[in-house]
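The residues making up each chain are set out below.
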Amino acid sequence: MQRTLIILKPDCIQRHLVGRVIQRFEEKGLSIAAMKLMHIPRGLAEEHYAPHKGKPFYPGLIDYVTSGPVVVIVLQGNRSIEIARTLMGKTFGYEAAPGTIRGDFGASRSYNLVHGSDSPESAETEIALYFSGDELVDYSPAGAEWVFPKNDD
Ligand code: IDP
Ligand code: MG
């Protein structure tokens, strides 16, 4: 099972879309391994988005993700990184396809409701930034084999 870090960004919380966005991940078959509501400290946001440091949108991005509370989630399931990114849609809401989270709820370049790790390496780094090992809950969801068959290739 692969794990990925998801953040429901401040616009998602302020617009009361938390339940609807989590529902999309759940109904696809991904499971919640950890979850918390928090205000991201500026230093943590800078660490998380360090790969974007120097880009024109970086200062605005740090202001945005620290502007209000967020919900941070670890999702798990086979191919969870790719599945979550597909459900999220393209980065800019006005380009994201209808049916995706950003395509249905987003209309801007920066306020795009949700973050998802983009590779196994970034997932591992990002999960460790937000959660300690004992906050990750290990369990086998009932019916998981009906979502992820054992002999899937
Ligand atoms: P991603 O979230 O789809 O992985 P990244 O390129 O990693 O997109 O960018 C991180 C975040 O920075 C985006 O989700 C968005 O909030 C913001 N962002 C990216 N590009 C721009 C831009 O050109 N203008 C404003 N904000 C941007
Ligand atoms: Mg990214």
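Reference entry: report on the structure contained in this document. (Residues numbered from 1 in each chain as written. Chains lettered and ligands numbered in written order. Predicted model: local features only at pLDDT ≥ 70, side-chain atom pairs only at ≥ 80, totals over all residues. Heavy atoms only, no water.)

1. Digging into the overall build of the protein
In step 1: Scanning the protein for helices and strands turns up seven helices and four strands.
In step 2: When the elements of the protein are put in sequence order from the N terminus, they spell out β-α-α-β-α-α-β-α-α-β-α.
In step 3: The C-alpha radius of gyration computed for the protein amounts to 15 Å, which stays within 12% of the reference 15 Å derived for 153 residues, consistent with globular compactness.
In step 4: The principal-axis extent of the C-alpha atoms belonging to the protein is close to 45 × 35 × 30 Å.
In step 5: Looking at the protein as a whole, 45% of its 153 residues are labelled buried.
In step 6: Here the contacts in the protein between residues at least 6 apart in sequence split such that 76% fall between residues at least 24 apart.
In step 7: Looking at charge distribution, the protein has the averaged site of its 16 positive side-chain charges lying 7 Å from that of its 19 negative ones. (Helix = DSSP H or I, 4+ residues; strand = E, 2+ residues; numbered from the N terminus. Rg over C-alpha atoms; globule rule 2.2 N^0.38 Å. Buried < 20%, exposed > 50% of the residue type's maximum accessible area, 1.4 Å probe, protein only. Contact = heavy atoms within 4.5 Å. Lys, Arg positive; Asp, Glu negative; His and termini not counted. Charge placed at Lys NZ, Arg CZ, Asp CG, Glu CD.)

2. Some details on the packing of helix 2 (residues 18-28) against helix 5 (residues 80-88)
In step 1: Between helix 2 and helix 5, the least distance of the axes is 11 Å, while the angle of their chain directions is 135°. Put simply, helix 2 runs oblique to helix 5. Where helix 2 crosses over helix 5, the two elements pack in a sense that is right-handed. Counting all contacts with helix 2, which are made through R24, F25 and K28, the residues of helix 5 involved are I83, A84, L87 and M88.
In step 2: Taken together, the residues of the contact of helix 2 with helix 5 break down into five nonpolar, no polar and two charged. (Axes fitted to C-alpha atoms, helices over the stretch in contact; angles between N-to-C directions. Parallel < 35°, antiparallel > 145°, perpendicular 65-115°, else oblique. Left-handed = near helix turned anticlockwise from the far one by under 90°. Nonpolar A, V, L, I, M, F, W, Y, C, P; charged D, E, K, R; others polar.)

3. Details of helix 4 (residues 58-65)
In step 1: Among the residues making up helix 4, those that are buried are Y58, L61, I62, Y64 and V65. Take helix 4 and look down its axis: the buried residues cluster within an arc of 160°, on one side only.
In step 2: Packed against the buried residues of helix 4 are helix 1 (10-14), helix 3 (42-48) and strand 3 (70-77). (Arc of directions from axis to C-beta.)

4. Section: the environment of V18
In step 1: Among the secondary structure elements, V18 is positioned in helix 2.
In step 2: Distance from V18 to P141, taken between C-alpha atoms, is 22 Å for residues 123 residues apart in sequence.
In step 3: Ignoring any residue separated from it by four or fewer positions in sequence, one finds V18 in contact with L8, C12, I13 and V71.

5. Re the layout of surface pockets
In step 1: When its volume is computed, the largest pocket comes out at roughly 620 Å³.
In step 2: In this structure, the largest pocket is lined by 25 residues; those nearest its centre are Y49, H52, F57, L61 and H115.
In step 3: Broken down by secondary-structure element, the contributors of at least two residues to the lining of the largest pocket are helix 3, helix 4, helix 5, strand 4 (114-116) and helix 7 (120-130).
In step 4: Among the elements that take part in the lining of the largest pocket, helix 7 stands out by supplying four residues, more than any other.
In step 5: Classifying every residue of the lining of the largest pocket gives eight nonpolar, 10 polar and seven charged. (1 Å grid on protein atoms, 1.4 Å probe; cavity = no way out; pocket = protein on both sides within 12 Å on 5 of 7 lines; lining within 4 Å. Points joined across faces, edges and corners; volume = space filled by probe spheres on them.)

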